[in-house]
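Now for the letters of each chain:
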Amino acid sequence: MTDTMLSESLTSARRRLDAALANAGRPADAARLLAVSKTKPAAMIRKAWGLGQREFGENYVQEALDKQAELADLEGIVWHFIGPLQANKTRAVAEHFDWVHSIDREKVARRLNDQRPEALGPLEVCLQVNVSGEASKSGIALDELESLAAAVLSLPRLRLRGLMAIPAPAESLDRQREPLARLREALEALRRRFPEAPLDTLSMGMSDDLEAAVLEGATLVRLGTAIFGARDTSRR
Ligand SMILES: *Cc1c(COP(=O)(O)O)cnc(C)c1O
């Protein structure tokens, strides 16, 4: 992808988010753009940073660490870990990321808490919820969410910011909205249950369902393909 193409796709992604927010009757700053850069080279992240993008999402620990080392000079860059997280990879994530969206069990949360370096602030975290039932393997079930949230809220080195989901693909806007509405309702229920918690984040909406997610209250939309182009899946 050329520099011009990246500049155009980032601009159109921002316009798309602005339009979705306006259409939903929400303020222009009610949701922000997370640029999902998995499988894309560090040079492309550097260019997006040069165009004002600050938050980036990565899925694979080693790939992310390599890119972070190359990009250590970029001021204000914020790294989000959004991929499946195995317990034996938590240390690198606790040490090198600002956010983790994909916590779906207590063991991983405890390890991240114990391994978060004192020199860094608390790790900002979201719990990944399975809002699509059997169609999805990752994420905690809705009926187990409250107890996981309570456990995470007791961990001082984690700050529970909200919920994340990757719904199964659906064809129409209405069908896309159903699981996203369940995530929104789950966050509302957690807020009522834990009024002191900093629960301000709904991480949902990808290249194919951004409009549905913004209608259902997304505050952080995760766009990969729409910004960086199609991924070369043969690499994985
Ligand atoms: C890859 C990925 C995205 C981006 O998906 P696109 O369809 O390319 O926008 C968002 N969230 C997660 C968790 C991902 O793994």
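Structure first, text after, so check above.
A quick note: this is a predicted structure, and the numbers were derived from the prediction, not measured.

(A) Looking closely at the packing of aromatic side chains. Within this structure, the stated rule accounts for two aromatic pairs. Ring centres of Phe-81 and Phe-97 lie 5.4 Å apart, and the angle between their planes is 85°; this geometry places the pair in the edge-to-face category. Placement of Phe-81 in strand β3 (residues 78-81) and of Phe-97 in the loop between α4 (90-96) and β4 (99-103) is noted, with a sequence separation of 16 residues between them.

(B) Structural view of the side chain of Glu-124. Mapped onto the fold, Glu-124 is located in strand β5 (residues 123-130). According to the relative accessible area criterion, Glu-124 is buried, its value standing at 16%. Of the polar contacts made by the side chain of Glu-124, one reaches the side chain of Arg-161; its length is 2.9 Å. Excluding residues that lie within four positions of it along the chain, Glu-124 makes contacts with Asp-98, Trp-99, Val-100, Arg-159 and Arg-161.

(C) View of the packing of helix α6 (residues 145-153) against helix α7 (residues 173-193). For the pair α6 and α7, the least separation of the axes is 11 Å and the interaxial angle reads 50°. It follows from the interaxial angle that α6 and α7 lie oblique. Classified by chirality, the crossing of α7 by α6 is right-handed. The segment α6 lies against α7, with Leu-145, Glu-146 and Ala-149 engaging Ala-186, Leu-190 and Arg-193. Grouping the amino acids of the contact of α6 with α7 by side-chain chemistry returns four nonpolar, no polar and two charged.

Procedures and definitions
- Residues numbered from 1 in each chain as written.
- Predicted model: local features only at pLDDT ≥ 70, side-chain atom pairs only at ≥ 80, totals over all residues.
- Heavy atoms only, no water.
- Phe/Tyr/Trp six-rings, centres within 6.5 Å; stacked < 30°, edge-to-face > 60°.
- Helix = DSSP H or I, 4+ residues; strand = E, 2+ residues; numbered from the N terminus.
- Buried < 20%, exposed > 50% of the residue type's maximum accessible area, 1.4 Å probe, protein only.
- Polar contact = N/O pair within 3.5 Å; in protein donor to acceptor, adjacent residues only side chain to side chain.
- Contact = heavy atoms within 4.5 Å.
- Axes fitted to C-alpha atoms, helices over the stretch in contact; angles between N-to-C directions.
- Parallel < 35°, antiparallel > 145°, perpendicular 65-115°, else oblique.
- Left-handed = near helix turned anticlockwise from the far one by under 90°.
- Nonpolar A, V, L, I, M, F, W, Y, C, P; charged D, E, K, R; others polar.

Take it as geometry only, folks, not as evidence of what the structure does.
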